[in-house]
Each structure stands twice: as structure tokens, then as C-alpha cells.
Amino acid sequence: MNFFRHRYRILIGPPALAVLITVAGCSSADDSASAAVPSPSAKVMKLCQNLDKALPTKLDGLGREDPEPVSALTAGWGSPAIILRCGVVRPPKMVDPKVAEGGDPDAVAGGVNGVDWLMEKQDDGAYRFTTANRSAYVEVTVPKGQDSSGVLVDLAPAVKKAVPEGIAD
């Protein structure tokens, strides 16, 4: 009986190991984007749900591929993914006087097609944009090397439609 158990491990073990390595190496989870889901108030949640319905299926020519976990508070396009998160907290640089005075080289305020944004350069070379003067903060992260101008132009109509001007909670 011991002989068969030992033989079973030798004959089945290596093929099973090979399958495991192949599956792990080809796992689609490695290619899927992920995003932390914000926890906004009920009022902001409703605005974010409206924004999710208004978002374009294509952003700067890239198809929509939402990140994991799936939520009405997050959206994604392309690979590497441009990630949108609605209902985030106000970024500290949004109220930093140095940014308002133009003294921070990694953060700039500006507007695109009627939507005001705070642009922050990230350590990895990506850019994070957060809406300003809207009733909810919407954050968009554009990976390093991708042009962000078309992204913000394509998002402006949805943001204007779903998230009214005002001061976020």
C-alpha cells in the first residue's frame, strides 16, 4: 500500500505542480486593475451613482474595464488602467496655500471644460486629478506616460451632469 501512495505522488505530483505554476503564471488577476472603494456619505453616494451612469464607455479611445472590487464608486479604462474613484476625501494639497500661490511643483490647480481639477504628480510618475468646487470629490489617476488632456476632456460632460458645483462634504 505504501508503494502505491509513493508512486501516486511521483506520477501525479509533478504534473499537478506544473498545472499550478501554469495557472498562477497566466492568472488574469495579475492583469486586472484594483482600486480602493471610498466610503462617502449617503448624499455623495447618490451623486457618485449618478456619475457612474453618466460615465463614457470610452475614455481617450480606451474601453471601460472597471477595477476590482466592482463598485459604482470606481471605474477604469485601458491597461494600465486609468482609474476613477468617486467620493474620496479632500486631498490635503487642495487647501495648501503653497499650491494656490503656484509654489508647489508637484501640484497645480486648473480647469478643463468647466470642471476644476487639482493635479498632483505621484512618486511613480502617474498623475492624480481631483475635482474641486463640486459637491463630491472625484479622483482620476492617469498612469505614467499617458496623456491626461483627452481624459479630462472626455470626463468633463459626465462630471458636470452628475456632480453639481458646490462644496463637498
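Residues numbered from 1 in each chain as written. Predicted model: local features only at pLDDT ≥ 70, side-chain atom pairs only at ≥ 80, totals over all residues. Heavy atoms only, no water.

Draft legend 1. Layout of the pairing of strand 6 (residues 115-121). Summarising the sheet, strand 5 (residues 107-112) and strand 6 pair through six bridges and their orientation is antiparallel. The partner of Ala109 across the bridge, within strand 6, is Leu118. Where strand 5 folds back onto strand 6 in an antiparallel hairpin, the turn is made up of two residues, including Asn113, whose phi is positive at roughly 50°. Looking at chain direction, strand 6 and strand 7 (residues 127-132) are connected through six bridges and run antiparallel. Bridging across to strand 7, Leu118 finds its partner in Thr130. Connecting strand 6 to the next strand, strand 7, in antiparallel fashion are five residues, including Gly125 with a positive phi near 95°. (Pairing = 2+ DSSP bridges. Helix = DSSP H or I, 4+ residues; strand = E, 2+ residues; numbered from the N terminus.)

Draft legend 2. Spatial organisation of the side chain of Thr131. Tracing the backbone shows Thr131 in strand 7. Separated by 3.2 Å, the side chain of Thr131 and the backbone oxygen of Ala136 make a polar contact. The residues contacting Thr131, other than those within four sequence positions of it, are Met94, Val115, Asp116, Trp117, Ala136, Tyr137, Val138 and Val159. (Polar contact = N/O pair within 3.5 Å; in protein donor to acceptor, adjacent residues only side chain to side chain. Contact = heavy atoms within 4.5 Å.)

Draft legend 3. Quick look at the state of the cysteines. Under the criterion given, the structure shown has one disulfide. A sulfur-sulfur separation of 2.1 Å characterises the disulfide bridge that pairs Cys48 with Cys86. Taking the sign of the torsion about the S-S bond as the criterion, the disulfide between Cys48 and Cys86, at about -80°, is left-handed. Of this pair, Cys48 sits in helix 2 (residues 42-54) while Cys86 sits in strand 4 (residues 82-86); the two residues are 38 residues apart in sequence, bridging distant segments of the chain. Owing to a relative accessible area of 1%, Cys48 belongs among the buried residues under this scheme. (Disulfide = S-S within 2.5 Å. Buried < 20%, exposed > 50% of the residue type's maximum accessible area, 1.4 Å probe, protein only.)

Draft legend 4. Spatial organisation of the nonpolar core. If you look at the biggest cluster of nonpolar residues, it comprises 27 residues, and the most contacted ones within it are Leu51, Leu55, Trp77, Leu84, Val140, Val151 and Leu155. Where this core is concerned, the elements lending two or more residues are helix 2, strand 3 (74-77), strand 4, strand 6, strand 8 (138-142) and helix 4 (149-162). In terms of residue count, the dominant contributor to this core is helix 4 (seven residues). If we ignore the near neighbours within four places in the chain, the residues touching Leu84 are Leu51, Leu55, Leu73, Thr74, Ala75, Trp77, Val138, Glu139, Val140 and Leu155. (Core = buried A, V, L, I, M, F, W, Y, C linked by side-chain atoms within 4.5 Å.)

Draft legend 5. View of unusual backbone geometry. In this model, Glu68 is joined to Pro69 through a cis peptide bond whose omega is -10°. Within the fold, Pro69 resides in the loop between strand 2 (62-63) and strand 3. Cis geometry is found at the peptide bond from Ser79 to Pro80, where omega equals 0°. By the secondary structure assignment, Pro80 is in the loop between strand 3 and strand 4. Positive phi, normally seen in glycine, also occurs at Asp60, with a value near 50°. On the secondary structure map, Asp60 appears in the loop between strand 1 (58-59) and strand 2. The class of Asp60 is partly exposed, set by a relative accessible area of 36%.

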